Amino acid sequence: MKTLDFYFDFSSPYSYLAATQLPALAARAGATVHYRPVVLFAVFKAAGNDMPAKVPTKGAYMLKDLERWARHYGVPFRFSSHFPSNTLKAMRLVHVAADQGKAEAFTQAAFRAMWAEDRDLARPDTLADLARGVGLDPEAALAAIETQPIKDRLRADTDAAVTRGMFGAPAIYVGDELFWGNDRLHFVEEALKG
Ligand SMILES: N[C@@H](CCC(=O)N[C@@H](CS)C(=O)NCC(=O)O)C(=O)O
């Protein structure tokens, strides 16, 4: 089975946009998506990069660009009033969900919560709700995200992404080939089919 590695942080709106497209893209290409959350702040630091919105004119442009892309995809989008939210715990929850075969369902629900429903992923009640929504035991899930093995998995994926050359989000790998951003999903599909 062909695979693609989707590295993202829930705090990245372009990662949300890409995530909305991946299940259908993967189905067309006969591929599996590996959902790999990473700490984008740490990736930026390691790569010598920074948030694009640090350039004010780029930040203003991005707001319009994000809305254009959401309209183009036909998906809901609302810039999060919680940005930049602490998404660490939500990202650890992806690993807890993955252990029960629910990485995709949880990731998609958490992205929607942040970038369409304006919910705060830093809040334990939001996380409990999302966990329950995909069929996880919310209490067990919230306990699991405080354990060292789960914390280590997020760190390991972040380190691996940096080593592979990630500098921004989303980063999509097909084999060793990196595709950055949601703008290049057609290249991802070509690489999977080629
Ligand atoms: N949609 C664009 C932009 C993606 C983007 O700006 N991502 C942000 C995070 S939401 C980022 O990592 N920026 C790093 C950079 O601009 O170097 C693309 O596909 O090229």
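Throughout this description, residue numbers start from 1 for each chain and increase along the sequence as written. Totals for whole chains, interfaces and linings use every residue, but because this is a predicted model, local features are given only for residues with pLDDT of at least 70 and side-chain atom pairs only at 80 or more, for both listing and counting. The basis for every side-chain value is the complete set of non-hydrogen atoms in the structure, without hydrogens or water.

**Concerning the site of the ligand**
Close contacts around the ligand come from 13 residues, with Asn49, Ala169, Asn182, Asp183 and Arg184 the closest. Under this definition, polar contacts are N or O atom pairs within 3.5 Å; protein pairs additionally need one hydrogen-donor-capable and one acceptor-capable atom, and for neighbouring residues in sequence, both atoms have to be side-chain atoms. A distance of 2.9 Å is found between an oxygen atom of the ligand and a side-chain nitrogen or oxygen belonging to Asp183. Separating an oxygen atom of the ligand from a side-chain N or O atom of Arg184 is a distance of 2.7 Å. Its residues placed into classes, the shell around the ligand shows six nonpolar, five polar and two charged. Here, proximity means that at least one heavy atom of the residue falls within 4 Å of the molecule or strand. Residues are grouped as follows: Ala, Val, Leu, Ile, Met, Phe, Trp, Tyr, Cys and Pro are nonpolar; Asp, Glu, Lys and Arg are charged; all remaining types, including Gly, are polar.

**Some thoughts on the packing of aromatic side chains**
Geometry of aromatic contacts follows a simple scheme: Phe, Tyr and Trp rings, the Trp one being its six-membered ring, pair when their centres are within 6.5 Å, and the pair is stacked under 30 degrees between planes, edge-to-face over 60, tilted otherwise. Enumeration according to the criterion identifies 15 aromatic pairs in this entry. When the centroid spacing of 5.1 Å and the interplanar angle of 70° are considered together, the rings of Phe79 and Trp115 count as edge-to-face. Within this pair, whereas Phe79 is found in the loop between helix H3 (56–73) and helix H4 (88–98), its partner Trp115 is found in helix H5 (residues 103–115), the two being separated by 36 residues in sequence. Aromatic pair Phe167 and Trp180: ring centres 5.3 Å apart, planes at 50°, arrangement tilted. In this pair, Phe167 is assigned in the loop between helix H8 (148–164) and strand E3 (171–174) and Trp180 in strand E4 (residues 177–180), connecting sequence segments 13 residues apart. You can call Phe167 partly exposed: its relative accessible area is 31%. Exposure classes here rest on a 1.4 Å probe applied to the protein chains alone. A residue is buried below 20% of its type maximum, exposed above 50%, and partly exposed in between. When its relative accessible area of 36% is taken as the criterion, Trp180 is described as partly exposed. An aromatic cluster is defined as three or more aromatic residues linked by ring pairs; in this entry it consists of Phe6, Phe8, Phe10, Tyr16, Tyr35, Phe77, Phe79, Phe83, Phe111 and Trp115. Across the ring face of Tyr173, the terminal group of Arg164 is positioned such that the distance to the ring centre comes to 4.2 Å. Each helix is a run of DSSP H or I of at least 4 residues and each strand a run of E of at least 2, with the numbering of both proceeding from the N terminus. Counted as over-ring charges are cases with an Arg CZ or a Lys NZ within 6 Å of the ring centre that also lie within 35 degrees of the ring normal.

**Concerning the UniProt feature "active site" (unreviewed entry) in the chain**
UniProt positions are given in the numbering used here, feature names are shortened, and annotations may be inferred rather than shown by experiment. On the UniProt side, "active site" (unreviewed entry) is annotated at positions that read Ser12 here. Along the chain, the position of Ser12 falls in the loop between strand E1 (2–8) and helix H1 (13–29). Not counting residues up to four positions away in its chain, the partners in contact with Ser12 are Leu40, Phe111, Trp115, Ala169 and Pro170. We call two residues contacting when some pair of their heavy atoms lies within 4.5 Å.

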